[in-house]
Amino acid sequence: MLSVQSLSHAHRFVPATEAGHAPLLLLHGTGGDEDDLLPLGRTLAPGAALLSPRGAVLEGGMPRFFRRLREGVFDEDDVRRRANDLADFVRDAREAYGLAAPVAVGFSNGANIAAAMLLLRPEALGGAVLLRAMSPLREPPAVDLTGKPVLILSGAMDPIVPADDVSGLAATLRSAGATVEHRTLPSGHGLSQSDVALAQAWLAAL
Ligand code: MLT
């Protein structure tokens, strides 16, 4: 049995207070940390267990989940390495805390590492809510995501995520068999009340 102390990533764990909810894996954006998305997780799925790791990479002192060369241009070797490390963390945390496969809720950089985990280590996640995601890999591997539920919420005025990039991600996940719902909201890179309401309803219907 793995001990909590031996887990690879600094993280918060909030146990479930109600049965019947998938645990949420909360993945923050650039400059966030393991505390950032706990209030969002509580709002999205009251009573669910929350597992919230801190990204292991620092960019100018800001935690992230993988390295980038500049905004929107990723170090894809590092994406692969860090997605595998995070999937190992999730596997070990599931054993240490006794959890079912979590549904990732990732924002921005956190959404991008969640998308990379779906493509590289699909067994790590029961599904994903990708908030302001981009394609993490230019040449995604062949993967079987049959039946994996994925909600992608994009912003029509997002200055960081090009519309065709996120549509490409949705198409890649769909052609791998995932059940993808992709909605574009009238917002920018930041989250809005509509994101919260849509993600809440989608999670409740799982
Ligand atoms: C990323 O680097 O993952 C994306 O550009 C989003 C961001 O963190 O700014």
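As the structure is a computational prediction, the values presented were derived from the model and not from experiment. (Residues numbered from 1 in each chain as written. Predicted model: local features only at pLDDT ≥ 70, side-chain atom pairs only at ≥ 80, totals over all residues. Heavy atoms only, no water.)

J.: How do you make sense of the pattern of salt bridges when you look at a structure like this?
T.: Close approach of charged atoms allows side chains with opposite charge to pair. One pass over the full model with this rule turns up 14 salt bridges. A salt bridge links Arg-82 to Asp-78; its shortest N-O distance comes to 3.1 Å. Taken as a pair, Arg-82 and Asp-78 lie in helix H2 (residues 76-97) at a separation of four residues, close to a single helical turn. The buried category is assigned to Arg-82, whose relative accessible area is 10%. Through salt bridges with shared partners, one network takes in Asp-88, Arg-91, Asp-92, Arg-121 and Glu-123. (Salt bridge = Lys/Arg side-chain N within 4 Å of Asp/Glu carboxyl O. Helix = DSSP H or I, 4+ residues; strand = E, 2+ residues; numbered from the N terminus. Buried < 20%, exposed > 50% of the residue type's maximum accessible area, 1.4 Å probe, protein only.)

J.: Can you walk me through the pairing of strand E2 (residues 24-27) in this structure?
T.: If a strand is regular, its side chains alternate between the two faces of the sheet. Of the two faces of E2, the one holding Leu-24 and Leu-26 and the one holding Leu-25 and Leu-27 are both buried throughout. In the sheet, E2 pairs with strand E3 (residues 50-53) via two bridges, with the strands oriented parallel. Counterpart to Leu-25 in the pairing with E3 is Leu-51. After leaving E2, the chain enters helix H1 (residues 38-44) and then returns to the sheet as E3, a path that is right-handed. In terms of strand pairing, E2 meets strand E8 (residues 103-107) through four bridges, oriented parallel. Among the inter-strand pairings, Leu-26 is bridged to a residue of E8, identified as Val-105. (Pairing = 2+ DSSP bridges. Right-handed = clockwise from strand over helix to strand, strands pointing away.)

J.: When you look at the sheet that holds strand E9 (residues 127-131) in this model, what are you seeing that I'm missing?
T.: Hydrogen bonding along the main chain pairs the strands of a sheet, whether they run parallel or antiparallel. Strand order across the open sheet formed by seven strands is E1-E3-E2-E8-E9-E10-E11, with mixed pairing between neighbours. Each end of this open sheet is capped by a strand with a single partner; those strands are strand E1 (11-14) and strand E11 (179-185). Adjacent strand axes in the sheet meet at a mean angle of 15° when their direction is disregarded. Across the face of the sheet, helix H3 (residues 109-120) comes into contact with E2, E8, E9 and strand E10 (149-155) while running at roughly 140° to E8. Across the face of the sheet, helix H5 (residues 193-204) comes into contact with E2, E8, E9, E10 and E11 while running at roughly 170° to E10. (Axes fitted to C-alpha atoms, helices over the stretch in contact; angles between N-to-C directions. Contact = heavy atoms within 4.5 Å.)

Honestly, that's just the spatial picture; any functional story needs more than this.
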